[in-house]
Amino acid sequence: MTVNKIWVIVDRQGDKIAPLSLELLTKARSLGGTVEGVTWGDADAIAAEVGSYGATTLHNVGDLAGGLPGPAVAAALAAAIGAGNAPDAILVPHNYDGRDIAARLSVKIDRPVLTNVVGLEEAGDGLVTEHAIFGGTEVLKARFTGEGPGIYVVRTKSFAAEAGDGGPATVSALEVPDLGATGGAKITDRHVEESEGPKLDEAPVVVSGGRGLGEADKYSMIEDLAKLLKGAAGASRAIVDAGWVPYSHQVGQTGKTVKPTVYIAAGISGATQHMVGMKNSKNIVAINKDQEAPIFSIADLGIVGDVHKVLPKLIEALKARS
Amino acid sequence: MNVVVCVKQIPDPANPGKLTSETHTIVRDGKLILDDSDAYGVEMALQLVDAAGGGEVTLVSMAPHSETSGLRTALAMGAAKAILVSDDALAGSDALSTAKVLAAAIKRAEPDLVIAATESTDGYTGTTPVQVAEVLGWPSISFAKKVAVADGTVKVDRQTETGYDSVEVSLPALVTVTAGVVEPRYPSFKGIMAAKGKPVEELKVTDLGLEPGQVGAAGARQEVVSVEPAEARKAGEIVVDEGDGYEKIVAFLEQIKVI
Ligand SMILES: Cc1cc2nc3c(=O)[nH]c(=O)nc-3n(C[C@H](O)[C@H](O)[C@H](O)COP(=O)(O)OP(=O)(O)OC[C@H]3O[C@@H](n4cnc5c(N)ncnc54)[C@H](O)[C@@H]3O)c2cc1C
Ligand SMILES: Nc1ncnc2c1ncn2[C@@H]1O[C@H](COP(=O)(O)O)[C@@H](O)[C@H]1O
């Protein structure tokens, strides 16, 4: 299987293209062959940007009329594949709708999915994926066998996004077959939680708190420190599950993947599921009162101490400088 | 209302996992336990059946060696019965094969609603449940942080990047739940005793009308190329705070030019 044609699922965040989809387009472009985007909603608005990232065509599933993207996009792609337009690879963002699309498409074309992909290279006769396993201590490489397109669900920050110099992509309507019962779910309302400051997965500095903070109120120390460093505030899943902070702050396997210049972990033990989301940060600082905490094994600077003593002094010192 | 919960039985995550050197599949010797991620689904299902004022919760699991330890935990929480698919032919199954098997088993229970976790602890492909829905030809709502059923409609708060969407669909449907959707109960002593007598129907691949060649390693169309240690981070400086820990952090941030 050489890679002649790649489809990239182009997801949105508000009016913008989701950063992860730009990462995927960049990677697809570097693999050679033709790159085509697949999107829904208003495709014209993003055709120029998708084109600059290397896609020649932008297939548009169109208005979803309140439906979820999963069933409609998967059915439209399966129909196109059935009509003889199969690509060699389909790159899907590892996010809510991406996983739905990949799962449904997988059944429709009877091909398995490779998920949690963090690396992708051409290796002579096709693509080889990389997956971080056991908290990122080991790298597993895998590939598809047999005939048919490979479906790759790729995690954020696996590749850098870089615009190229391509002209606008040609928008082409993609017909959605009758979805029957599978298309039944409808969005009746959207709730957006406003957040200030840089986004967690884009911030150069991330300060995260864990159960070691002791109680919900103490999370304000994390927010203060993040603000002083012009960064974003993150969290371990333990305190998200406890309801101290919203899920959007969660770093790790089931949360965000971050790669800031510096990651400061306060009162976080360093479970494998947390580390896999932050261990590729350029610098890591950890504060934990337990000398044996696993987080210290990946820290560039580890402070064995009480967050309630270290953080207030750190915040004071930074305030004094600004 | 009848609800099926897909429950995965996994090696204890407290013991670091291992891959077999030949096939690179996860070693599943020893006793398996109920995946924590699925305890939320079991609790959710019990609460929904309660609220509906009738019906029962059936567990569906695919696991090696006729494993029932994890199922007993979920039965002790209050599920009525279980269907276990266990067959040597299933070793090495990928998520798609697993979904075909689970879907075939689910059909036998004729549920109104199927609940699964957004992702499992050991495999975390996160695709199995929606693949099950597609095999069944059903709608699905993934990433539920709140679930309610009324008048044959399931209403879900579905997590999004920036908050949540209210999404609804007529039954039958499949929903995947996140951790934190409900607080799973601990099995009571009475529950544990009662679980011992609850029915667990064990099935083979052929009982489900599937061909052994379609599932397990025989049906897998992906392969592991290699497993290697990741590049290790070089060890850093670990210091005990003597009241000056914050100064070390300030100095470090200066050194890397963050401040
Ligand atoms: C399927 C699955 C997915 C998961 N996904 C994620 C994920 O995406 N992200 C994630 O974070 N977790 C995830 N987890 C959970 C993960 O396994 C851990 O339970 C979690 O990360 C622990 O959070 P924590 O470090 O805050 O809490 P704990 O493990 O309880 O650690 C608290 C730490 O604080 C220290 N401490 C206590 N008091 C103080 C003090 N006063 N000063 C300084 N230090 C103190 C303690 O020494 C301890 O090391 C997942 C788990 C599963 C099963
Ligand atoms: N072998 C299995 N038996 C029962 N349920 C499963 C199995 N594999 C996956 N599931 C369900 O699908 C969810 C997601 O699993 P995964 O796709 O492995 O991340 C699990 O939490 C279960 O609810």
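All residue numbers refer to position in the chain's written sequence, counted from 1. Chain letters and ligand numbers both follow the written order, the letters beginning at A and the numbers at 1. Whole-chain, interface and lining totals are the exception, using all residues; otherwise, since this is a predicted model, local features are given only for residues with pLDDT of at least 70 and side-chain atom pairs are given and counted only at 80 or more. To get the side-chain values, take all heavy atoms of the structure and skip hydrogens and water.

**Notes on the overall build of chain B**
- When its secondary structure is counted, chain B shows seven helices and 13 strands.
- Any residue under 20% of the maximum accessible area for its type is buried, any over 50% is exposed, and the rest in between are partly exposed; the area is computed with a 1.4 Å probe on protein chains only. Expressed as a percentage of the 259 residues in chain B, the buried residues total 51%.
- In these tables, accessible area is a Shrake-Rupley quantity obtained with a 1.4 Å probe, and a residue counts as shielded only by the protein chains included in the view. Surface exposure of chain B reaches about 11500 Å², of which carbon and sulfur atoms provide 50%.
- Once the 23 positive and 37 negative side-chain charges of chain B are each reduced to a mean point, those two points are 3 Å apart. Secondary structure counts use DSSP, requiring at least four H or I residues in a row for a helix and at least two E residues in a row for a strand, with both numbered from the N terminus. In this tally, Asp and Glu contribute negative charge and Lys and Arg positive charge; neither His nor the terminal groups of the chain are included. Here the site of a charge means atom NZ of a Lys, CZ of an Arg, CG of an Asp or CD of a Glu.

**A word on empty space enclosed by the protein**
- Within this scheme a cavity is a closed region of a 1 Å grid, computed over the protein atoms alone, that accommodates a 1.4 Å probe without allowing it to escape, whereas a pocket is open but has protein on both sides within 12 Å along at least five of seven lines; lining residues each have an atom within 4 Å of a point. Grid points are joined across faces, edges and corners, and a volume is the space filled by probe spheres set on the points. Summed over the entire model, instances satisfying the criterion amount to one cavity of 30 Å³ or more.
- Of the voids in this model, the largest cavity is the one considered here, and its volume is about 60 Å³.
- Surrounding the largest cavity, A:Arg99, A:Asp100, B:Thr118, B:Gly126, B:Pro129, B:Val130, B:Ser142, B:Phe143 and B:Thr176 form its lining.
- Breaking the lining of the largest cavity down by element, the ones donating at least two residues are α4 (96-109) of chain A together with α4 (128-136) and β7 (140-150) of chain B.
- Class assignment of the residues belonging to the lining of the largest cavity gives a composition of three nonpolar, four polar and two charged. Polar here means any residue outside two lists: the nonpolar Ala, Val, Leu, Ile, Met, Phe, Trp, Tyr, Cys and Pro, and the charged Asp, Glu, Lys and Arg; Gly therefore counts as polar.

**Topic: the site of ligand 2**
All names here are of chain B.
- Being near a molecule or strand, for a residue, means having at least one of its heavy atoms within 4 Å of it. Taken together, 19 residues lie near ligand 2, and Asp38, Ser120, Thr125, Gly126 and Thr128 sit nearest.
- Here a polar contact is taken to be a pair of N or O atoms separated by no more than 3.5 Å, where protein atoms must pair a possible hydrogen donor with a possible acceptor and residues adjacent in sequence count only if both atoms sit in side chains. At a separation of 2.6 Å, an oxygen atom of ligand 2 approaches a polar side-chain atom of Thr125.
- Among the secondary structure elements, those contributing two or more residues to the shell around ligand 2 are β4 (57-62), α3 (95-109), β6 (113-117) and α4.
- Residue contributions to the shell around ligand 2 peak at three residues, all from β4.
- In terms of residue class, the shell around ligand 2 is made up of nine nonpolar, seven polar and three charged.

**Overview of the sheet that holds strand β17 (residues 283-288) of chain A**
- Here we have six strands laid out as an open sheet, ordered β15(A)-β14(A)-β16(A)-β17(A)-β18(A)-β13(B), and parallel in their pairing. Strands at the two margins of the open sheet, each flanked by one partner only, are β15 (232-235) of chain A together with β13 (237-240) of chain B. Going from strand to strand, the sheet's axes swing by 15° on average, the running direction of each strand aside.
- Taken strand by strand, helix α5 (residues 219-228) of chain A contacts β14 (205-209), β15 and β16 (262-266) of chain A, and its axis lies near 145° from that of β15(A).
- Here, residues are in contact when the closest pair of their heavy atoms is within 4.5 Å. Throughout, an axis means a line fitted to C-alpha atoms (over the contacting stretch in the case of helices), and angles, computed between N-to-C directions, take values from 0 to 180 degrees. Lying on the sheet, helix α8 (residues 307-321) of chain A is in contact with β16, β17 and β18 (301-304) of chain A; it crosses β17(A) at an angle near 130°. What makes two strands pair is DSSP finding at least two bridges between them.

**Concerning the packing of helix α3 (residues 69-85) of chain A against α4(A)**
Residues and elements named next belong to chain A.
- At a minimum axis separation of 8 Å, α3 and α4 run at an interaxial angle of 40°. The pairing of α3 with α4 is recorded here as oblique in orientation. Here the hand of the crossing between α3 and α4 comes out right-handed. Counted together, Pro69, Gly70, Pro71, Val73, Ala74, Ala75, Leu77, Ala78 and Ile81 of α3 and Asp97, Asp100, Ile101, Arg104, Leu105, Lys108 and Ile109 of α4 form the full contact between these two elements. Roughly parallel refers to an angle under 35 degrees, roughly antiparallel to one over 145, roughly perpendicular to one between 65 and 115, and oblique to any angle outside these ranges. Should the near helix be turned anticlockwise from the far one by less than a right angle, the crossing is left-handed, and should it be turned clockwise, the crossing is right-handed.

**Let's talk about the site of ligand 1**
Residue and element names in this part refer to chain A.
- Near ligand 1 lie 27 residues; those nearest to it are Ser236, Val251, Thr254, Ser269 and His274.
- Between ligand 1 and Val251, the relevant distance is 2.7 Å, taken from a nitrogen atom to a main-chain nitrogen or oxygen of the residue.
- Between ligand 1 and Val307 there is a distance of 2.9 Å, counted from a nitrogen atom to a backbone nitrogen or oxygen.
- In the complex, the protein chains occlude 82% of the 980 Å² of accessible area that ligand 1 would expose alone.
- Listing elements by their share of the shell around ligand 1, those giving two or more residues are α6 (237-241), α7 (272-275) and α8.
- Tallied by class, residues from the shell around ligand 1 come to five nonpolar, 17 polar and five charged.

**So, the pairing of strand β9 (residues 127-133) of chain A**
Residues and elements named next belong to chain A.
- For β9, a buried count of five out of seven residues is recorded, marking the element as mostly surrounded by other parts of the structure.
- Here four bridges tie strand β8 (residues 119-122) to β9, and the two strands are oriented antiparallel to one another. Within β9, the position partnered with Glu122 by the bridge is Leu127.
- A loop of four residues connects β8 with β9, the two strands running antiparallel in sequence, and Gly124 in this loop sits at a positive phi of about 70°.
- Note: β9 against strand β10 (residues 138-144), five bridges, orientation antiparallel. Looking across to β10, one finds that Ile133 is bridged to Glu138.
- Adjacent in sequence and paired antiparallel, β9 and β10 are bridged by four residues, among which Phe134 carries a positive phi angle near 50°.

**Quick word on the domain arrangement of chain A**
Residue and element names in this part refer to chain A.
- Residue ranges for the domains trace back to a domain assignment, done automatically or taken from a database. Structurally, chain A comprises domain 1 (5-183) and domain 2 (205-321).
- Between the C-alpha centres of domain 1 and domain 2 the distance comes to 33 Å.
- With eight residues of domain 1 at the interface, the matching set in domain 2 holds ten residues.
- Interface area for domain 1 against domain 2, summed over the two sides, is near 710 Å², with a carbon-plus-sulfur share of 44%.
- When a carboxyl oxygen of Asp or Glu is within 4 Å of a side-chain nitrogen of Lys or Arg, the pair counts as a salt bridge. For the pair domain 1 and domain 2, the interface holds zero salt bridges.
- If you look at where domain 1 meets domain 2, you find five residue pairs in polar contact (both at pLDDT 80 or more).
- Looking at the side of domain 1 that touches domain 2, its residues break down into three nonpolar, three polar and two charged. The quantity reported as buried area is the accessible area (1.4 Å probe) lost by two parts once they are put together, taken as the sum for both.

**Focus: the interface of chain B and chain A**
- Contact with chain B, which involves 72 residues of that partner, is made by 81 residues of chain A.
- Taking both sides of the interface into account, the surface hidden between chain B and chain A amounts to around 7000 Å²; carbon and sulfur atoms contribute 56%.
- By the criterion of area lost to chain A, the three top residues of chain B are B:Glu161, B:Arg221 and B:Arg233, representing 11% of everything that side buries.
- The interface formed by chain B and chain A includes twelve salt bridges.
- The residue A:Asp110 makes a salt bridge to B:Lys100 at a minimum N-O spacing of 2.8 Å.
- Listed by contribution, the elements that provide at least two residues to the side of chain B that touches chain A are α3, α4, β7, β8 (153-160), β9 (163-170), β12 (222-229), β13 and α7 (245-255) of chain B.
- For the side of chain B that touches chain A, the per-class residue count stands at 32 nonpolar, 21 polar and 19 charged.

**Here's the deal with the packing of aromatic side chains**
- Aromatic pairing here means that ring centres of Phe, Tyr or Trp (its six-membered ring) are within 6.5 Å. Orientation follows from the plane angle: under 30 degrees is stacked, over 60 is edge-to-face, and everything else is tilted. Taken as a whole, this structure holds two aromatic pairs over all chains when the rule is applied.
- When the ring of A:Tyr96 is compared with that of B:Phe143, the centres are 4.6 Å apart and the planes differ by 90°; the resulting orientation is edge-to-face. Here A:Tyr96, found in helix α4, pairs with B:Phe143, found in strand β7, and the two come from separate chains. Accessibility classification places A:Tyr96 together with B:Phe143 in one group, the buried group.
- Ring geometry for A:Phe144 and A:Tyr152: centres 5.2 Å apart, planes at 80°, overall edge-to-face.
- Judged by its relative accessible area of 0%, A:Tyr152 falls in the buried class.

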